[in-house]
Amino acid sequence: MKTTTMITIVLMACLTACAQSAQTNPETTPERSVGSGCEGCEAVLEYGKKQLTWTDTLPDFHEPGQKLEISGTIYERDGKSPAQDVILYIYHTDQTGKYTRRGNDIGSRHGYIRGWIRTNSDGKYKFYTLKPGAYPEGGNPAHIHPIIKEPGIQEYWIDEYLFDGDPYLTAKIRRNQQGRGGPGILVTKIDKNGMLITRRDIILGLNVPGYE
C-alpha cells in the first residue's frame, strides 16, 4: 500500500513539473500578436544562416547612387531602457523605384535590397544603403520599410523611414503618419565624404494596436 502511494506521489510530482516546464518553455509558449496584421512581415525571419549583428550593409550600397547611413537606438516601451536582441528588418526600392529581384533568392518578395539587424546590449542599430528611388508612377515619397521582431511577440511594422524635403512628402502624408515606433520622417545631413547621415530612435510598441 505504501509503495502504491509513493508511486502515485512521484507520478503527480512529475506531471506537475512537466506542466510547469511547458508553461515556461519559450518554444511552446505562443507569441503575442500585435499590430492588427502584417502582410509579408514573416520575411523578417528570412535571414537564414546569416549571423546578425547591430549593423548591416545592404546589397545596393556599392552601386551608383546617394549613399546613406541610418543609425539609432531601439528602446523598450518605457522609452528609456535599451532593447537588446530585437531584429530590425528593412527593405526598399532600387534607384529606379522598383523592388527588383536578383539571383535565386526566391524569398525576396521585397526585392534584393534587404537587411537584417539584431540590436546589441545598448539597443543600438546602424545600416548603410543608398537613398531609395521613388515609385516610377510618382505620388509616393521615397521610403524604407521597417519591420520589428522582438522576443515573445509576433513581427509587426512601424512607420516607414521618410525623408524631410522629399517633393512627394505632402502635408497630407505627414498628417497621416501613425507614429508607430515613433516619428519616421528623417532630417539628413551630408558628411565630408558626401554621404547622407541621419538618425531614428525607435520605441517598441509605441502606437502599435494591441501592444499594451
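Rules behind the numbers
Residues numbered from 1 in each chain as written. Predicted model: local features only at pLDDT ≥ 70, side-chain atom pairs only at ≥ 80, totals over all residues. Heavy atoms only, no water. Helix = DSSP H or I, 4+ residues; strand = E, 2+ residues; numbered from the N terminus. Buried < 20%, exposed > 50% of the residue type's maximum accessible area, 1.4 Å probe, protein only. Contact = heavy atoms within 4.5 Å. Areas by Shrake-Rupley, 256 points an atom, 1.4 Å probe, with all protein chains shown as cover. pLDDT = per-residue confidence, 0-100. Salt bridge = Lys/Arg side-chain N within 4 Å of Asp/Glu carboxyl O. Disulfide = S-S within 2.5 Å.

Caption draft 1: Fine view of the overall build of the protein. Within the protein, the secondary structure is distributed over two helices and 12 strands. Counting from the amino terminus, the protein carries its helices and strands in the arrangement α-β-β-β-β-β-β-β-β-α-β-β-β-β. In the protein, which comprises 212 residues, the proportion classed as buried is 41%. Intrachain contacts of the protein at a sequence separation of at least 6 include 71% that bridge at least 24 residues. Total accessible area on the protein is roughly 12000 Å²; 54% of this is exposed by carbon and sulfur atoms.

Caption draft 2: Inspection of the confidence of the model for the protein at higher detail. In the predicted model, the protein carries a mean pLDDT of 88, and 84% of its residues have values of at least 70. This model gives residues 5-11 a pLDDT under 50, and the stretch forms zero contacts once residues within four places in sequence are excluded. Contacts of residues 13-27 to residues separated by more than four positions or lying in other chains number four contacts, the stretch itself having pLDDT below 50.

Caption draft 3: Expanded view of the pattern of salt bridges. Using the criterion set out here, one finds nine salt bridges in the structure. Salt bridges linked by common partners bring Glu42, Glu46, Arg109 and Arg114 together as one network.

Caption draft 4: Representation of the state of the cysteines in the model. Evaluated as defined, the whole model comprises one disulfide. Across the disulfide, Cys38 is cross-linked to Cys41 (sulfur-sulfur distance 1.5 Å). Here Cys38 and Cys41 share a disulfide; its torsion about the S-S bond, -60 degrees, makes the bridge left-handed. Cys41 shares its class with Cys38; the two are buried.

Caption draft 5: View of the environment of Asn193. Its place among the elements puts Asn193 in the loop between strand S10 (189-190) and strand S11 (196-199). Accessibility expressed as a relative area gives 66% for Asn193, which makes it exposed. C-alpha separation for the pair Asn193 and Lys67, spaced 126 residues apart in sequence, amounts to 9.6 Å.

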